[in-house]
Amino acid sequence: MFTISYIKVIAENFYCSQCGEWVYCPEMNYKYQDEDGKTVEKIGEGCTKQDKEGEYLECPACKAKFYLIKT
């Protein structure tokens with residue numbers, strides 16, 4: 001089990017630390033207006049998975065799970 005910062009994922013290209021495969025990029029982010037009118041970004045819908053341990057991104061090549069830490 002691995003962890004990755006949510007903030008890092010939405011800001012930078014993310015490559016698997018196990019096999020080097022590309023996992024996620026900021027262009028996949030979902031952008032919306034919050035109640036204050038500010039543009040907010042979050043990980044695109046359908047890009048994460050969920051299990052009893054929490055929300056994670058999965059490497060498409062080696063299937064390593066990277067659980068998101070909300071920091």
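Overview of the structure.

Our focus in this paragraph is the pattern of salt bridges. Going through the model one piece at a time under the given rule, you end up with four salt bridges. Between Lys 65 and Asp 51 there is a salt bridge, with its nearest N and O atoms 3.3 Å apart. Here Lys 65 is found in strand β8 (residues 65–69), whereas its partner Asp 51 is found in strand β6 (residues 49–51), with 14 residues between them in sequence. With a shortest N-O distance of 3.5 Å, Lys 70 and Glu 55 are connected by a salt bridge. With Lys 70 in the segment after β8 and Glu 55 in strand β7 (residues 54–58), this pair connects stretches of sequence that are 15 residues apart. For Glu 55, a relative accessible area of 25% gives the class partly exposed.

The subject of this paragraph is the sheet that holds strand β1 (residues 2–5). Ordered in space as β1-β8-β7-β6, the four strands form an open sheet in which the pairing is mixed. Edge positions in the open sheet fall to β1 and β6, since each of these has one partner strand only. Across the sheet, the mean angle separating the axes of adjacent strands is 45° when strand polarity is ignored. Across four bridges, β1 lies against β8 in parallel orientation. Paired with Thr 3 across the strands is Tyr 67, a residue of β8.

Scoring rules and cut-offs
- Residues numbered from 1 in each chain as written.
- Predicted model: local features only at pLDDT ≥ 70, side-chain atom pairs only at ≥ 80, totals over all residues.
- Heavy atoms only, no water.
- Salt bridge = Lys/Arg side-chain N within 4 Å of Asp/Glu carboxyl O.
- Helix = DSSP H or I, 4+ residues; strand = E, 2+ residues; numbered from the N terminus.
- Buried < 20%, exposed > 50% of the residue type's maximum accessible area, 1.4 Å probe, protein only.
- Pairing = 2+ DSSP bridges.
- Axes fitted to C-alpha atoms, helices over the stretch in contact; angles between N-to-C directions.

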